[in-house]
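Residue-level listing of the chains:
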Amino acid sequence: MKTKRSIVFLVLCAVMIAALTQPVFAEASDTTVPADELLSRRVETMQNGWTVITETRLLNQSIAATRSTKTVSTTKTVKNGNSVIGIFTIKATFQYDGSTVSVISKSVTRADTYDGWSYTQTSFTSSGGTVTLNGKLTKLLHSSVYFSMSLTCDKNGNVSSS
């Protein structure tokens, strides 16, 4: 009797161990990751003595097996000495899959000027995986200052700004 119980016990243990060691496969699904991650910060001194601070942020990304998206912004703060002349932000959503990339939305989300300066947008374009804003800063009795800012995403989702 004890032998039968022992055999039944061993068989049940073997079945339970086999069931617990079976591989578990997760279903493939999109993963959306909201974020506000600083990707890069650059400080440049221009020929006219102005300082331009460029910050690029990852705002959101959705990672999928076939196509992924990434929403990114870049902000340029233009300063003359300690005075802020303007703050400009562009935002773009890119779709990429390892072989291609495209811009699915773009916007200028901020264009503020200070200290008597005014801003004129001369163009806002997208091509392939790049969004580019060109603009002009003007102030009475000063030379106009032209500037450009862009966001680029490659086919693998790597983002850069200029």
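Sequence order sets the numbering: in each chain, residues are counted from 1 along the sequence as written. Given that this is a predicted model, residues contribute local features only at a pLDDT of at least 70 and side-chain atom pairs are listed and counted only at 80 or more, while totals for whole chains, interfaces and linings are drawn from all residues. Each side-chain value is worked out from all heavy atoms of the structure, with water and hydrogens disregarded.

(A) Looking closely at the overall build of the protein chain. When helices and strands are tallied, the protein chain shows 1 helix and 9 strands. Under the scheme used here, helices are H or I runs from DSSP no shorter than 4 residues and strands are E runs no shorter than 2 residues, and both carry numbers assigned from the N terminus. When its helices and strands are written in sequence order, the protein chain yields α-β-β-β-β-β-β-β-β-β. Throughout, a residue-residue contact means that at least one pair of heavy atoms, one from each residue, lies within 4.5 Å. For the protein chain, long-range pairs separated by at least 24 residues make up 42% of all intrachain contacts whose partners lie at least 6 apart in sequence. Here the accessible surface of atoms and residues is derived via Shrake-Rupley with a 1.4 Å probe, and residues count as covered only by protein chains that are part of the display. In the form shown here, the protein chain has an accessible surface area of approximately 10,200 Å², with 54% of it arising from carbon and sulfur atoms.

(B) Seen up close, the pairing of strand E3 (residues 68-80). Across 11 bridges, the pairing between strand E2 (residues 51-63) and E3 is antiparallel. In the strand pairing of E3, Asn60 is matched with Thr71. Think of it this way: DSSP has to see at least two bridges between two strands before they count as a pair. Both E3 and strand E4 (residues 83-96) contribute to a ladder of 13 bridges, which runs antiparallel. When the bridges of E4 are listed, Thr75 appears paired with Thr89. Here E3 folds back onto E4 in antiparallel fashion, the turn holding 2 residues, of which Gly81 has a positive phi close to 70°.

(C) Geometry of the packing of aromatic side chains. Note on aromatic pairs: the rings of Phe, Tyr and Trp (six-membered ring only in Trp) are paired at centre separations within 6.5 Å, and the planes decide the class, stacked below 30 degrees, edge-to-face beyond 60, tilted for the rest. A full pass over the atoms with the stated rule returns 4 aromatic pairs. Between the aromatic rings of Trp50 and Trp117, the centroid separation amounts to 5.1 Å while the plane-to-plane angle is 90°, which identifies the pairing as edge-to-face. Linking Trp50 in the loop between strand E1 (31-45) and E2 with Trp117 in the loop between strand E5 (101-113) and strand E6 (118-127), this pair joins segments that are 67 residues apart in sequence. The residues Trp50 and Trp117 share a single accessibility class, namely buried. Judged by centre distance (6.0 Å) and plane angle (35°), the ring pair of Tyr119 and Phe147 falls under tilted. Residue Tyr119 is located in strand E6, and its partner Phe147 is located in strand E8 (residues 145-153); the two are separated by 28 residues in the primary sequence. For every residue, the accessible area (1.4 Å probe, protein chains only) is compared with the maximum for its type, and the residue is labelled buried under 20%, exposed over 50%, or partly exposed between those bounds. Residue classification places Phe147 among the buried residues on the basis of a relative accessible area of 14%. Linked through ring pairs, Phe88, Tyr119 and Phe147 together constitute an aromatic cluster. Over the face of the ring belonging to Phe124 we find Lys106, whose NZ or CZ atom lies 4.5 Å from the ring centre. In this scheme, Lys NZ or Arg CZ marks a charge over a ring once it lies within 6 Å of the ring centre and within 35 degrees of the ring normal.

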